[in-house]
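Chains, contacts and geometry: an overview
Below are the chains, spelled out letter by letter.
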Amino acid sequence: MKKKMFGLGTAALLAVGLAACGNADDNSSADVDDTTSVGKSVDYKITGIDPGAGIMEATEKAIKEYDLDEWDVTTGSGAAMTASLKKAYDKEKPIIVTGWTPHWKFAKFDLKYLEDPKGVYGGEEQIKTIARTGLAEDLPEAHQVLSNFHWTEEDMGEVMVAIQEGEKEDVAAQNWVDANADKVAEWTEGVNEVDGDKIKLAYVAWDSEIASHNVVKLVLESVGYDVTLTQVEAGPLWTAVADGSADASLAAWLPITHKTYADKFDGKFEDLGANMDGVKIGLVVPKYMDIESIEDLK
């Protein structure tokens, strides 16, 4: 099997075209007779995100498990993916993207996951908070806040959509914190204030993790911490927490997406529990496309 990885610029999208199955008098989308023409309509390409992401590893596995020998996977950024998705969606063109929930694109576009009968992408996951060993002893108040932090997809969605619509990340986070004082109070209940203690949080450049880390940064600052946010790819993120160069991250997608890293660094980090339940990864297409399963790509 020939499987090529193509780099995309930030203006191109992590998206791959899947054939739109319009009816005969729908001129806005491609006229598709069968699943073979679906592949041809998108040049047998599935576009993903950064190559270190767990969803990319799962997608490469899906290509093997579903015998999609003609298909390739492209790499790029999350911003590139959503840009391409929007471009195709606005014209009702076929496209396939590596997708995950929560993400603001599901609020903006009418999308669906392709069924995964082989279970390559797993079922529902959790986004977990992980910390370097010794954080509880060194920064107990931060450890408590991070352990308490838990919110919903709807909460995160408010911040993500605001950022996507042009609000600055810190402003969108501050607006959410101001409007949800009761939830913030639950995260900081019983936490003593500190005097400028430094803490470094590492995160991947997914819209979901940008939202969560900017919110938690403000919460930690409200109890006196000096917080630094460091954006890295998934591999360096786990490495940083494991070797102590980062104190914590709210971006551990388990048990599937980041399984490779969790296994590699087993015993070198502390699992502080889920900060969101019911998250999901997989291949995503617009609902106007008449295709339902990954098996239909053959």
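Attention in this report is confined to the structure presented alongside it. Because the structure is a prediction, the values reported are computed rather than measured.

**What to know about the side chain of Arg132**
Position of Arg132 relative to the elements: it lies in strand β7 (residues 125-132). You can call Arg132 buried: its relative accessible area is 13%. Engagement of the side chain of Arg132 in a polar contact is seen with the side chain of Asp138, the distance being 2.8 Å. Those residues in contact with Arg132 that lie beyond four places of it in its chain are Asp138, Leu139, Val241, Gly244, Ala246 and Asp247.

**Topic: the pattern of salt bridges**
Taken as a whole, this structure holds twelve salt bridges when the rule is applied. For the salt bridge of Asp271 with Lys128, the shortest nitrogen-to-oxygen distance reads 2.9 Å. Taken together, the residues span a long stretch of sequence, with Asp271 in strand β11 (residues 269-286) and Lys128 in strand β7 at a distance of 143 residues. The exposure class assigned to Asp271 is partly exposed, which follows from its relative accessible area of 36%. Residue Asp247 pairs with Arg132 through a salt bridge whose shortest N-O separation is 2.6 Å. One end of the pair, Asp247, is in the loop between α11 (234-243) and β10 (248-254); the other, Arg132, is in strand β7, with 115 residues separating them in the sequence. Here Asp247 matches Arg132 in class, with each residue buried. What emerges from the salt-bridge pattern is a single network uniting Arg132, Asp138 and Asp247.

**Things to note about helix α8 (residues 169-179)**
Inspection of α8 places Ala172, Ala173, Trp176 and Val177 among the buried residues, and these make up the whole buried set. Along the axis of α8, the buried residues cluster in a sector spanning 135°; they form a single face. In α8, the exposed positions angled more than 90 degrees off the buried face are occupied by Asp178 and Ala179. Along its buried surface, α8 packs onto α7 (153-164), α9 (181-188) and α10 (207-222).

**Concerning the packing of α8 against α9**
Interhelical geometry of α8 versus α9 gives an angle of 90° and a closest axis separation of 5 Å. Considering the angle they form, α8 stands roughly perpendicular to α9. Contacts between α8 and α9 pair Trp176, Val177, Asp178 and Ala179 from the former with Ala181, Lys183, Val184 and Trp187 from the latter. Considering only residue class, the contact of α8 with α9 consists of six nonpolar, no polar and two charged.

**Re the packing of aromatic side chains**
Overall, the coordinates contain twelve aromatic pairs when judged by the stated rule. Centroid distance Trp151 to Trp176: 5.3 Å. Interplanar angle 85°. Geometry classified as edge-to-face. Of this pair, Trp151 sits in the loop between α6 (140-148) and α7 while Trp176 is found in helix α8, placing the two residues 25 residues apart along the sequence. Accessibility expressed as a relative area gives 2% for Trp176, which makes it buried. Ring geometry for Trp238 versus Phe269: centroids 5.0 Å apart, planes at 90°, classification edge-to-face. With Trp238 in helix α11 and Phe269 in strand β11, this residue pair connects regions lying 31 residues apart in the sequence. In terms of burial, Trp238 and Phe269 fall into one category: buried. Three or more aromatic residues joined by ring pairs make a cluster, and in this case those are Tyr89, Trp104, Phe109 and Tyr288. A cation over a ring is seen here: Lys105 above Trp100, with NZ or CZ 4.5 Å from the ring centre.

**Comments concerning the layout of surface pockets**
One way to see where empty space is left: roll a probe the size of a water molecule over the atoms. Computed from the structure, the second largest pocket encloses a volume of approximately 170 Å³. If you trace the second largest pocket, you find it lined by Gly54, Glu57, Ala58, Lys61, Val120, Ile256, Thr257, Lys259, Thr260 and Asp263. Looking at the lining of the second largest pocket, the elements with two or more residues in it are α2 (54-65) and α12 (259-264). The biggest single contributor to the lining of the second largest pocket is α2, with four residues. Its residues assigned to classes, the lining of the second largest pocket shows three nonpolar, three polar and four charged.

Definitions and cut-offs
Residues numbered from 1 in each chain as written. Predicted model: local features only at pLDDT ≥ 70, side-chain atom pairs only at ≥ 80, totals over all residues. Heavy atoms only, no water. Helix = DSSP H or I, 4+ residues; strand = E, 2+ residues; numbered from the N terminus. Buried < 20%, exposed > 50% of the residue type's maximum accessible area, 1.4 Å probe, protein only. Polar contact = N/O pair within 3.5 Å; in protein donor to acceptor, adjacent residues only side chain to side chain. Contact = heavy atoms within 4.5 Å. Salt bridge = Lys/Arg side-chain N within 4 Å of Asp/Glu carboxyl O. Arc of directions from axis to C-beta. Axes fitted to C-alpha atoms, helices over the stretch in contact; angles between N-to-C directions. Parallel < 35°, antiparallel > 145°, perpendicular 65-115°, else oblique. Nonpolar A, V, L, I, M, F, W, Y, C, P; charged D, E, K, R; others polar. Phe/Tyr/Trp six-rings, centres within 6.5 Å; stacked < 30°, edge-to-face > 60°. Lys NZ or Arg CZ within 6 Å of the ring centre and 35° of its normal. 1 Å grid on protein atoms, 1.4 Å probe; cavity = no way out; pocket = protein on both sides within 12 Å on 5 of 7 lines; lining within 4 Å. Points joined across faces, edges and corners; volume = space filled by probe spheres on them.

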